[in-house]
Amino acid sequence: MWRRCLWRRGISSSAAGWWDHVGAAPKDPILGVTEAFLADTSPRKINLGVGAYRDDEGRPVVLQCVRGAETKLAGSQFLESLPNAVNTKLVEESVQLVYGKETDIVQERRFAGIQALSGTGACRLFAEFQRRFYPESPIYLPVPTWSNHHNIWRDAQVPVRTFRYYHPDSKGLYFGALMDDIKSAPDNSFFLLHPCAHNPTGVDPNEEQWREISHEFKVKNHFPFFDMAYQGLASGDIDTDSKAIKIFREDGHLIGCAQSFTKIMGLYGHRVGCLSILSVDENQAIAVRSQLQQIARAMYSSPPVHGSLLVSTILGDSQLKALWEEEVKAMVARIIRMRAKLRESLEKLDSPLNWEHITNQVGMFCFSGLSPEYVDHLARKFHIYMTRDGRISMAGVTTSNVDYLANAIHEVTRFGQEDSSQRRSFNAFIPHISYAN
Amino acid sequence: MASTMLSLASASASPSTSLALQNNRMTKLILGTSDHTTLWGTKKSNPFVKTKSRGQITMAVAVNVSRFEGIPMAPPDPILGVSEAFKADTDEMKLNLGVGAYRTEELQPYVLDVVKKAENLMLERGENKEYLPIEGLAAFNKVTADLLFGADNPVIQQQRVATVQGLSGTGSLRLAAALIERYFPGAKVIISSPTWGNHKNIFNDARVPWSEYRYYDPKTVGLDFDGMMSDIKEAPEGSFVLLHGCAHNPTGIDPTPEQWEKIADVIQEKNHIPFFDVAYQGFASGSLDADASSVRLFAARGMELLVAQSYSKNLGLYSERIGAINVLCSSADAAVRTKSQLKRLARPMYSNPPIHGARIVANVVGNPALFDEWKEEMEMMAGRIKSVRQKLFDSLTAKDKSGKDWSFILKQIGMFSFTGLNKAQSDNMTNRWHVYMTKDGRISLAGLSSAKCEYLADAIIDSFHNVK
């Protein structure tokens, strides 16, 4: 897999460097899009790559509740590394958010919670933990999923398997196949689930389907690990968006959950998240947490404090929290408006393709169905940037660019064969597990 | 409760001890073994899980039983655990000389003025909170490399340094360790004996083998230079040699400039690669340039090297987690490629680094007025530590009638002093005198006020002479 290392040399020479055998890494498929976008000088360019919210002028937004928290915190006094028992307050607020304040889990402290470096960091801590205590176990990831999931578990040296999730023809949930794959996986497997606003497809199971999935997980004794990156940004309501987790909890599953405050509070650069693992009792929670802290200690010692202070200030202040909830609703409303507008514009252009999925899908992203060839074409000719799986970040769509976007999509697709392009784009979902050097 | 390990490795052979737990119709049998093939192909039991019996076990599991049932409590971190114990102590004479966090004479945490000013500037500007690129804030990466090597250093001019923002020293070391594991599989890192406790954890978790080279000589409470040279020579060719750029942690003992030259000689001879941990630039001597002289000496010889930096102590940004990993390569092209691979390692760890600390550093170092002010504040902090060293030495010499030579305290440099106290003596410091320190005999002078020097001297003298 990796190029043979050439480091054992008989000669010592500064002309031949130590790093000669280090090849250039491929660009990250998501973050690389922003790099390409930044390099583009066209005034019409649109960045639909990374899932960062933009206002209707296409500008980054700092939420008012965040500015409020900053003002409240200005001049805060101490800056030291939090002890590894780490920012208990942030963890408290996070678990209350996802599990509910009054639940037994929270009241009886049956959770091992640790602050993490956003969703990525929370997933990585869990992956390392999984490897440490279940060294042979693979992780089952949905097809498709956020590309970085593959990197995370791979770098933690946990083998990756996949289960079917999305059907490119229906552009909906491939429910039958999903259930089959859950059943045919060996008992006690670890599964990663998106509790709402699936990334990249925007396709979520409905309540009935979640109940069936949860039931089958009980039969198979699978471990459900939820990656909760969009609580509030799917429906606009915090509680609605944690419904899947509630269903699993009611069935008695002791789940794991990665939470991210990156998008839901617009704290992208601050890297605030939380990992929680539910346990039978408080003692076990304490033991598990101690192990998680050890893993974190060898990776970065302790998490950055500034962002977590912002989050816990907001969640701990009823006014700021209410303001936050309003602002989340406003973000969702704008995204839903843009979905409607984009679909309307495409239909007005008499596009031969079916664009219902634009308004059916949920959350920040639209899984357009555009093939990699179309995606490249959009970038080259129209300066419109998205990931090659055809995922569009709707947050990057504005009233002033939606028509340009619709026109561009129509231009590249009007003569294309839908089926073959769907098939090709479906195959693009299967991520390349190993990067060539 | 028997500790057991559940494994998904398929196993044959007959079940031995069975632990039947209450179940319902959803009973599953899990056959597990406590032996696992590790990365290096040898069978080893999982060191993290207690197992009462080796061999195969069966367990019937009910769905609501956690699969993490057998997980033991991890040992408390030896350094951070000290602060926790200190907090729990109610004695009024208690003194926390555990973690290396700077304290004022009043033993209060200290937020640097330049940091407050930088944060106010940032607040006024109302900057956004967008993602940084994976490699971090460009302005930060530039100033941090300039600070380390000197802005007019040819290695900077030639663009031969790959710099990636990391989560303070730990995060930067971890990225480097991951790079070593991936591109130099089987290569060893040799670390000083003793060294910062977390170094071993980092290399263990990154699956990089390590061994120790002699460093501290308890007889002289100084550097075992011959032992160090000999062990570096002994190490397999092409090893990574972890060096503390200045203010060695935990001993406070640094090589002299002449000794650094000899260390560079033997590293070149053996084709090793130097790997510096620079956590105290400016904090050791009070001068940023002087404290970087070891790194610059190696760079000037045309050597390739790695440097992990931290701004936790010198800018007091402990909890913002700001640092960097620098790889000085022989060519600009190699630097570009190496940087791309560091990014690839960072992405599945945390995607991109936190913004706040990076902006503070970029604002302070990038603004001439703030930079000058920072240099003054750093001299003040380093100065306070030098003065408590002196006071402690004076108190010990005055009070101790045994004629023991305490001058090593003055020779050591930086935040820490290796007292030479053994574990039992260190325990006595805590149990009898409520002085909290690490069991290796390290005290953090940053946590000592001149008002408490006499008390500390009493404690040290008692522990040294009356406890064995």
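For every chain, the first residue of the written sequence is number 1, and numbering continues from 1 along that sequence. Written order determines the labels here, with chains lettered from A and ligands numbered from 1. Thresholds applied to this predicted model are a pLDDT of at least 70 for local features of residues and 80 or more for the giving and counting of side-chain atom pairs; totals over whole chains, interfaces and linings are not thresholded and use all residues. Think of the side-chain values as coming from all heavy atoms in the structure, minus any hydrogens and water.

Within the largest apolar cluster, 175 residues are counted, with the highest numbers of intra-cluster contacts made by W19 and W324 of chain A. The leading source of residues in this core is helix α12 (residues 318-348) of chain A, at 9 residues. The criterion used for residue contact is that any of the two residues' heavy atoms lie within 4.5 Å. Non-local contacts of W19 of chain A, meaning those with residues more than four positions away in its chain, are made with L179, F184, I273, E304, L306, V327, L328, C329, A334, R337 and T338 of chain B. Throughout, nonpolar core names a set of buried Ala, Val, Leu, Ile, Met, Phe, Trp, Tyr and Cys residues whose side chains join them through atoms within 4.5 Å. Here's how the labels work: a residue is buried when its accessible area is under 20% of the maximum for its type, exposed when over 50%, partly exposed in between, all with a 1.4 Å probe on protein chains only. Only runs of H or I of at least four residues qualify as helices and only runs of E of at least two qualify as strands under DSSP, and these elements are numbered from the N terminus.

Residue and element names in this part refer to chain A. pLDDT runs from 0 to 100 and stands for how confident the predictor is about each residue. The pLDDT averaged across chain A works out to 89; a share of 89% of its residues lies at or above 70. When the criterion is pLDDT under 50, residues 1-15 qualifies, and its contacts beyond four places in sequence or with other chains add up to 33 contacts. Note that pLDDT drops below 50 for residues 78-86; the model gives that stretch 35 contacts with residues more than four away or on any other chain.

Right, let's talk about the packing of aromatic side chains for a bit. The pairing test for Phe, Tyr and Trp rings, Trp by its six-membered ring, is centres within 6.5 Å, and the orientation test on the planes gives stacked under 30 degrees, edge-to-face over 60, and tilted for anything in between. One pass over the structure, following the stated rule, counts 36 aromatic pairs over all chains. Note on F203 of chain B and F275 of chain B: the rings are 6.3 Å apart at their centroids and 80° apart in plane angle, and the pair reads as edge-to-face. Here F275 of chain B lies in strand β13 (residues 273-278) and F203 of chain B lies in helix α6 (residues 197-205), a separation of 72 residues in the sequence. Seen from their ring centres, Y280 of chain B and F416 of chain B are 6.1 Å apart, and the 90° between their planes marks the pair as edge-to-face. Here Y280 of chain B, found in the loop between β13 and α9 (288-291), pairs with F416 of chain B, found in strand β16 (residues 416-418); they are 136 residues apart in sequence, far enough to count as distant. Owing to a relative accessible area of 2%, F416 of chain B belongs among the buried residues under this scheme. Taken together, the aromatic side chains of F126, F129, F133, Y134, W153, F190, F223 and F225 of chain A make up a single cluster linked through ring pairs. Put simply, a charge is over a ring when the Lys NZ or the Arg CZ is close to the ring centre, within 6 Å, and near the line of the ring normal, within 35 degrees. When the ring centre of F86 of chain B is taken as reference, the NZ or CZ atom of K94 of chain B above it lies at 4.4 Å. Over the face of the ring belonging to F416 of chain B we find R442 of chain B, whose NZ or CZ atom lies 3.8 Å from the ring centre.

Another aspect to go through is the environment of L107 of chain B. Residues and elements named next belong to chain B. Relative to the assigned elements, L107 resides in the loop between β6 (95-96) and α2 (113-125). What makes L107 partly exposed here is its relative accessible area of 26%. Expressed as a C-alpha distance, the spacing of L107 and I202, which sit 95 residues apart in the sequence, is 31 Å.

Residues and elements named next belong to chain A. Partitioning chain A into structural domains gives domain 1 (27-61 + 333-433) and domain 2 (64-316). A C-alpha centroid distance of 27 Å is found between domain 1 and domain 2. Each partner contributes to the interface: domain 1 provides 26 residues, whereas domain 2 provides 24 residues. Note on definitions: buried area is the accessible-area loss of two parts on being combined, 1.4 Å probe, summed for both. Counting each side, the surface lost to burial between domain 1 and domain 2 is near 2,100 Å², with a carbon and sulfur contribution of 62%. For salt bridges, the criterion is a side-chain nitrogen of Lys or Arg within 4 Å of an Asp or Glu carboxyl oxygen. Applying the counting rule to domain 1 against domain 2 returns 0 salt bridges. Domain delimitation follows an automatic or database domain assignment.

What follows concerns the interface of chain B and chain A. The interface of chain B with chain A comprises 102 residues on the first partner and 107 residues on the second. Between chain B and chain A, the buried area comes to about 9,200 Å², and carbon and sulfur atoms account for 56% of it. Of all residues in chain B, the largest losses of buried area upon contact with chain A belong to R67, K129 and Y131 of chain B, amounting jointly to 9% of the total for that side. For the pair chain B and chain A, the interface holds 6 salt bridges. D28 of chain A serves as the salt-bridge partner of R347 of chain B, at 2.8 Å between the closest nitrogen and oxygen. Here a polar contact means two N or O atoms within 3.5 Å. Within protein one must be a hydrogen donor candidate and the other an acceptor candidate, and residues neighboring in sequence count only if both atoms are side-chain atoms. If you look at where chain B meets chain A, you find 33 residue pairs in polar contact (both at pLDDT 80 or more). Of all elements in the fold, only β2 (28-33), β3 (35-37), α1 (80-88), α2, α5 (168-183), α6, β15 (323-328) and α11 (332-350) of chain B reach the threshold of two or more residues within the side of chain B that touches chain A. With 12 residues, the single largest contributor to the side of chain B that touches chain A is α11 of chain B.

Right, let's talk about the sheet that holds strand β7 (residues 190-193) of chain A for a bit. Residue and element names in this part refer to chain A. Two strands are said to pair when DSSP picks up at least two bridges between them. Spatially, the 7 strands line up as an open sheet ordered β2-β10-β9-β8-β7-β3-β4, and their pairing is mixed. The open sheet has two free edges, formed respectively by β2 (111-117) and β4 (160-164), since each of these has just one partner strand. Recorded for the sheet is a direction-independent mean angle of 25° between the axes of neighbouring strands. Axes here mean lines fitted to C-alpha atoms, for a helix over just the part in contact, with angles spanning 0 to 180 degrees between N-to-C directions. On top of the sheet, helix α5 (residues 118-133) reaches β2, β3 (139-143), β7, β8 (223-228), β9 (256-260) and β10 (272-278); it is set at about 125° to β2, its chief contact. Along the sheet, helix α7 (residues 175-184) makes contact with β4 and β7, crossing β4 at roughly 140°.

We now examine the UniProt feature "domain: Aminotransferase class I/classII large" (unreviewed entry) in chain B. UniProt positions are given in the numbering used here, feature names are shortened, and annotations may be inferred rather than shown by experiment. According to UniProt, the positions carrying the feature "domain: Aminotransferase class I/classII large" (unreviewed entry) are residues 93-460 of chain B. For the annotated span residues 93-460 of chain B, helix accounts for 47% and strand for 14% of the residues, and the straight-line distance between the end C-alpha atoms is 15 Å.

Residue and element names in this part refer to chain A. The interhelical angle for the contact between α5 and helix α10 (residues 282-297), taken along N-to-C directions, is 110°, at an axis separation of 10 Å. If you check the angle between α5 and α10, you find them roughly perpendicular. The way α5 lies across α10 gives a crossing that is right-handed. Only V288, Q291, L292, Q294, I295 and A296 of α10 make contact with α5, whose side of the interface consists of L125, E128, F129, R132 and F133. In this count, Pro and Cys sit with the nonpolar residues alongside Ala, Val, Leu, Ile, Met, Phe, Trp and Tyr, while Asp, Glu, Lys and Arg are called charged and the others, Gly among them, polar. Here the residues of the contact of α5 with α10 sort into 7 nonpolar, 2 polar and 2 charged. Here the word oblique covers every angle except those under 35 degrees (roughly parallel), over 145 (roughly antiparallel) and from 65 to 115 (roughly perpendicular). The sense of a crossing depends on the near helix, which, turned anticlockwise from the far helix by less than a right angle, makes the crossing left-handed and, turned clockwise, makes it right-handed.

Take unusual backbone geometry next. Residues and elements named next belong to chain A. Residues V143 and P144 are joined by a peptide bond in cis, for which omega reads 0°. For P144, the location among the structural elements is in the loop between β3 and α6 (147-155). Geometrically, the link from N199 to P200 is a cis peptide bond, its omega value of 15° lying close to zero. Secondary-structure assignment places P200 in the loop between β7 and α8 (207-220). Unusually for a residue other than glycine, R109 sits at a positive phi of about 55°. Looking at the secondary structure, you find R109 in the loop between α4 (104-107) and β2. Take R109: its relative accessible area is 29%, and that puts it in the partly exposed class. Phi at A197 is positive, roughly 50°, even though this residue is not glycine. Assignment of secondary structure puts A197 in the loop between β7 and α8. A197 sits in the buried class, given a relative accessible area of 3%.

The span expected for a helix works out to 1.5 Å for each residue beyond the first. Its 16 residues place the ends of α5 of chain B 23 Å apart at the C-alpha level, agreeing with the 22 Å of an ideal helix rising 1.5 Å per residue. The buried fraction of α5 of chain B is high, at 15 of 16 residues.

All names here are of chain A. Most of β3 sits out of view: 5 of its 5 residues are buried. Here β3 runs beside β4; their pairing, made up of 5 bridges, is parallel. The partner of V143 across the bridge, within β4, is R164. Note on handedness: a clockwise path from strand one over the helix to strand two, with the strands aimed away from the viewer, defines a right-handed crossover. Note on the crossover from β3 through α6 to β4: the handedness is right-handed. Both β3 and β7 contribute to a ladder of 2 bridges, which runs parallel. Residue I139 lies in a different strand from β7, and its bridge partner there is F190.

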